[in-house]
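Breakdown of the fold
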Amino acid sequence: MNGVVNVAGVTRDARIAKKSYDDFKFVMGVHVHGTFLFTREVAAQHWHPLFKANGNQPLDDGVNRFIVNFSSVSARNGNIGQIDYPAAKGAIESMTRTTARVFAGYGARVNAIAPG
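We now turn to the structure provided with this report. This structure is a prediction, so every number in the text was calculated from the model and none was measured.

Attention now moves to the overall build of the chain. Each helix and strand counted, the chain has 3 helices and 3 strands in total. Listed N to C, the secondary structure of the chain is β-α-β-α-α-β in terms of helices and strands. Principal-axis analysis of the C-alpha atoms places the extent of the chain at approximately 55 × 25 × 20 Å. Expressed as a percentage of the 116 residues in the chain, the buried residues total 34%. Restricting the contact set of the chain to residue pairs at least 6 apart, pairs at least 24 apart contribute 69%. Accessible surface, the chain as shown: approximately 6,900 Å² in total, 57% of it carbon and sulfur. Separation of charge centres in the chain, based on 13 positive and 8 negative side chains, amounts to 4 Å.

Dropping the structure here:
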C-alpha cells in the first residue's frame, strides 16, 4: 500500500450547554481516533517492515508513499454549535505535523488539507 486518505468525518451539532458527552466523544472518535488508526495501520502493516528490512535506514526506493488527512478551516475559526468538530480538526493538524516528521524515514509525505 502506497498511501491513505483520511477523510471520514461527522458532526453532532449542539451548543456547549446542550452538548452530550457521548456526542462529543463520538465526533472526536471518528475524526481523531479514525485518523490515528488508519495512519498507524498503513505504517505498521506496510512501511515499517520495509524500513526495518532496510536496516532502519531511510527508504529511498522511489515509491510514492503518502498520507492525506482532511482538516477544516474550522480548526482555526471555530463554529458556534461545534465545540468538538473544530477541536478534532485541530488535533488532526497536529497529528499531521508529527506524523510527517516521524514518517520522513519511510520516504512518505504527510499533509493535511482544509477545505471550506
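Once the structure has been displayed, the description carries forward.
All right, on to unusual backbone geometry then. Positive phi, close to 60°, is recorded for N56, a residue that is not glycine. Secondary-structure assignment places N56 in the loop between α1 (21–53) and β2 (65–70). Look at N56 and you get partly exposed, because its relative accessible area is 39%.

As a rule of thumb, nonpolar side chains are buried together in soluble globular proteins. Membership of the largest hydrophobic core is limited to 11 residues, which are V4, V42, A43, W47, F51, L59, I67, F103, Y106, A108 and V110. If you tally residues by element for this core, the top one is α1, at 4 residues. Y106 has contacts with A43, W47, H48, F51, L59 and R65, leaving out every residue within four places of it along the chain.

Moving on, we get to the sheet that holds strand β1 (residues 3–6). In any sheet, the strands associate via hydrogen bonds between backbone groups, in a parallel or an antiparallel arrangement. Here 3 strands make up an open sheet; going across it, the order is β1-β2-β3 and the pairing parallel. Of all the strands in the sheet, the pair left with one neighbour each is β1 and β3 (108–113). Recorded for the sheet is a direction-independent mean angle of 10° between the axes of neighbouring strands. As paired elements, β2 and β3 share 6 bridges and run parallel to each other. Paired with F70 across the two strands is I113, which belongs to β3. Its contacts with the sheet place α1 against β1, β2 and β3, and it is angled at close to 175° to β2.

For the coordinates displayed, the defined rule picks out 4 aromatic pairs. Ring centres 6.3 Å apart and planes at 65° place the aromatic pair W47 and Y106 in the edge-to-face group. Placement of W47 in helix α1 and of Y106 in the loop between α3 (84–102) and β3 is noted, with a sequence separation of 59 residues between them. Owing to a relative accessible area of 9%, Y106 belongs among the buried residues under this scheme. Ring centres 5.1 Å apart and planes at 40° place the aromatic pair F103 and Y106 in the tilted group. Here F103 falls in the buried class, since its relative accessible area comes to 8%. Here a set of aromatic residues connected by ring pairs shows up, and it is made of W47, F51, F103 and Y106.

Criteria and thresholds
Residues numbered from 1 in each chain as written. Predicted model: local features only at pLDDT ≥ 70, side-chain atom pairs only at ≥ 80, totals over all residues. Heavy atoms only, no water. Helix = DSSP H or I, 4+ residues; strand = E, 2+ residues; numbered from the N terminus. Buried < 20%, exposed > 50% of the residue type's maximum accessible area, 1.4 Å probe, protein only. Contact = heavy atoms within 4.5 Å. Areas by Shrake-Rupley, 256 points an atom, 1.4 Å probe, with all protein chains shown as cover. Lys, Arg positive; Asp, Glu negative; His and termini not counted. Charge placed at Lys NZ, Arg CZ, Asp CG, Glu CD. Core = buried A, V, L, I, M, F, W, Y, C linked by side-chain atoms within 4.5 Å. Pairing = 2+ DSSP bridges. Axes fitted to C-alpha atoms, helices over the stretch in contact; angles between N-to-C directions. Phe/Tyr/Trp six-rings, centres within 6.5 Å; stacked < 30°, edge-to-face > 60°.

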